[in-house]
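# Structural description and commentary
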Amino acid sequence: MKSMWMVDPLSESFASHRHVCEQLGAAVIAMDTTLRIRIWNAAASKLFGAEAPSMIGTSAVHVFPVTSRDTAERVLLQALDTGETMDFEFCQRDTHGQDRTFLVIVAAVRSDSGECVGVSMCIRDITQRIDLLEQVGRNKKMVALGQLAGAIAHYFNNILGGMITGVDYARERDDPAFTGKTLQSVSKGLTRASALVKGLSAFSQGDPGAEDLSDYTEILADLADEADRECHALGIHFTFHAPQLPALPVPRSPVRTILRNILQNAVEATPKGGEVTMDVTLSDEWMETRVTDTGCGLDEEAKSRLFEPLWSTKGGLESGTADVKGLGLAIAYGLAKFLGGTIEANSEVGKGSCFAVRL
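Residues numbered from 1 in each chain as written. Predicted model: local features only at pLDDT ≥ 70, side-chain atom pairs only at ≥ 80, totals over all residues. Heavy atoms only, no water.

### Considerations on the packing of aromatic side chains
- Enumeration over the complete set of coordinates arrives at six aromatic pairs.
- Taken together, a centroid distance of 5.7 Å and an interplanar angle of 40° make the contact between Trp40 and Phe48 tilted.
- Where Tyr169 meets Phe178, the ring centres are 5.2 Å apart and the plane angle is 85°; that geometry is what we call edge-to-face.
- The exposure class assigned to Tyr169 is partly exposed, which follows from its relative accessible area of 42%.
- Its relative accessible area of 21% is what places Phe178 among the partly exposed residues. (Phe/Tyr/Trp six-rings, centres within 6.5 Å; stacked < 30°, edge-to-face > 60°. Buried < 20%, exposed > 50% of the residue type's maximum accessible area, 1.4 Å probe, protein only.)

### Overview of the side chain of Thr257
- Of note, Thr257 is situated in helix H9 (residues 252–269).
- In this structure Thr257 comes out as buried when scored by relative accessible area, which is 16%.
- Those residues in contact with Thr257 that sit more than four places away from it in its chain are Ile331 and Leu335. (Helix = DSSP H or I, 4+ residues; strand = E, 2+ residues; numbered from the N terminus. Contact = heavy atoms within 4.5 Å.)

### Structural notes on the packing of helix H8 (residues 216–234) against H9
- Where H8 meets H9, the closest approach of the two axes is 10 Å, and the angle between their N-to-C directions is 25°. Relative to H9, H8 is oriented roughly parallel. Here H8 and H9 pass one another in a crossing that is right-handed. Touching Tyr216, Glu218, Ile219, Leu220, Asp222, Leu223, Glu226, Ala227, Glu230, Cys231 and Leu234 of H8 are Arg252, Val255, Arg256, Leu259, Arg260, Leu263, Gln264 and Val267, all from H9.
- Each residue belonging to the contact of H8 with H9 can be placed in one class, and the counts come to eleven nonpolar, one polar and seven charged. (Axes fitted to C-alpha atoms, helices over the stretch in contact; angles between N-to-C directions. Parallel < 35°, antiparallel > 145°, perpendicular 65-115°, else oblique. Left-handed = near helix turned anticlockwise from the far one by under 90°. Nonpolar A, V, L, I, M, F, W, Y, C, P; charged D, E, K, R; others polar.)

### A word on the packing of H9 against helix H11 (residues 328–338)
- Orientation of H9 relative to H11, taken along the N-to-C sense of each, is 145°, at an axis distance of 9 Å. Seen along the crossing, H9 lies across H11 with a hand that is left-handed. Side by side, H9 and H11 meet where Pro254, Thr257, Ile258, Asn261, Ile262 and Asn265 of the first sit next to Gly328, Leu329, Ile331, Ala332, Leu335 and Ala336 of the second.

### Notes on helix H5 (residues 69–82)
- Given a rise of 1.5 Å per residue, 14 residues ought to cover 20 Å, and the 20 Å separating the end C-alpha atoms of H5 matches this to within 8%.
- By the burial criterion, the buried members of H5 are Ala72, Val75, Leu76, Ala79 and Leu80. On an axial view of H5, the arc spanned by its buried residues comes to 135°, and they lie on one face. Turned more than 90 degrees away from the buried face of H5, the exposed residues are Asp70 and Asp81. (Expected span 1.5 Å × (residues − 1). Arc of directions from axis to C-beta.)

### Some details on the nonpolar core
- Of all hydrophobic cores here, the largest spans 37 residues; its most connected members are Tyr216, Phe238, Ile258, Ile262, Leu263, Val276 and Ile343.
- For this core, the secondary-structure elements that each account for two or more residues are H8, H9, strand S10 (275–282), strand S11 (287–293), H11 and strand S13 (352–358).
- In contact with Leu263, other than residues within four places in its own chain, are Leu223, Ala227, Phe238, Val276, Met278 and Val291.
- Formed by 31 residues, the second largest nonpolar core is a distinct cluster that contains Met31, Val75, Ala79 and Met121. (Core = buried A, V, L, I, M, F, W, Y, C linked by side-chain atoms within 4.5 Å.)

### Structural notes on the environment of Gly180
- Structurally, Gly180 can be placed in helix H7 (residues 176–205).
- For Gly180, a relative accessible area of 29% corresponds to the partly exposed category.
- Once the C-alpha coordinates of Gly180 and Ala170 are considered, the two residues, ten residues apart in sequence, prove to be 9.0 Å apart.

### As for the confidence of the model for the protein
- Of all residues in the protein, 79% attain a pLDDT of 70 or more, and the chain-wide mean is 79.
- Note that residues 1–10 has pLDDT below 50 and, in this model, 34 contacts with residues that lie over four places away or in other chains.
- Scored below 50 in pLDDT, residues 315–325 makes 25 contacts in the model with residues more than four places away or belonging to other chains. (pLDDT = per-residue confidence, 0-100.)

### Topic: the sheet that holds strand S12 (residues 342–348)
- An order of S8-S10-S11-S13-S12 is seen for the five strands of this open sheet, with the pairing classed as mixed. Across the chains shown, the open sheet's two edge strands, defined by having one partner strand only, are strand S8 (237–241) and S12. The mean inter-strand angle of the sheet, taken between neighbouring strand axes irrespective of direction, is 10°.
- Here H9 sits on the sheet in contact with S8, S10, S11, S12 and S13, set at roughly 15° to S11. (Pairing = 2+ DSSP bridges.)

This is the structure:
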């Protein structure tokens, strides 16, 4: 397949690079300021199945699939207008009917005098890269699921093992008083197991049963009072900043759970004499609540696992209480996602952390 290089101001600016462009493994297409094609290399002919003579002088926008033309035109015009280097992706089926994904890098072309004389595109097939990234993602998910299954099994084994031992011992003793204590222990174990199941359900699906609405300001005030009392008892300074908010009805139970878990995490991470701050801002689209602490902070590995169920920086799985260790942030994340919100975490070792909850 032959390419064509027209002798005009644009192609002359490419003359010294002709052989380089011809032998690139990526499609190279250059246009004038009206987005008419002036340069079309061999890789472009192979990619789009069209020879250069039939493409020179035509609109570059029309080489793309119909669904991608608006995006292509917008990016090309913006590159001409601003001189920025930009990129976008599009999908197209090959001759075998397989979907392929392509990356387009767009850059303005300038003459020696600095005048913008056109725009260029370099197009590469990134299908294999995307497939590889998806495979890596699937592998990570499988590893995470395996770790989660192992953690849950470990936790339930601790609970069930204690209950079975207690029940067997009570049967051997035939002591009503001891049997009563055993039943109390079994009840506590079942409560912990129930908390684990509910927490995992909240993480994966949210809490659709919580439909009671309350004013956001009221929820914030209650949580701030609770946090202030807890911080005072631990020798931590707590500060709450919020503007005058309008009446904003929100689902009370999930929103309270999200913010309470975030606050609890901050308090537990902050040493005596440290500070915990809760700031609230309101925009047209979001209510953002930021909880900041002056704790030890988190490294990159810890940040990447913050919202994994049953993972905690406070140690391994223990018997614990009804508030299952390692589920607080996971539950908050799941509930925020269920409500259409987000949670973002920023942390630096030795300086503390900041969690931003957007609802």
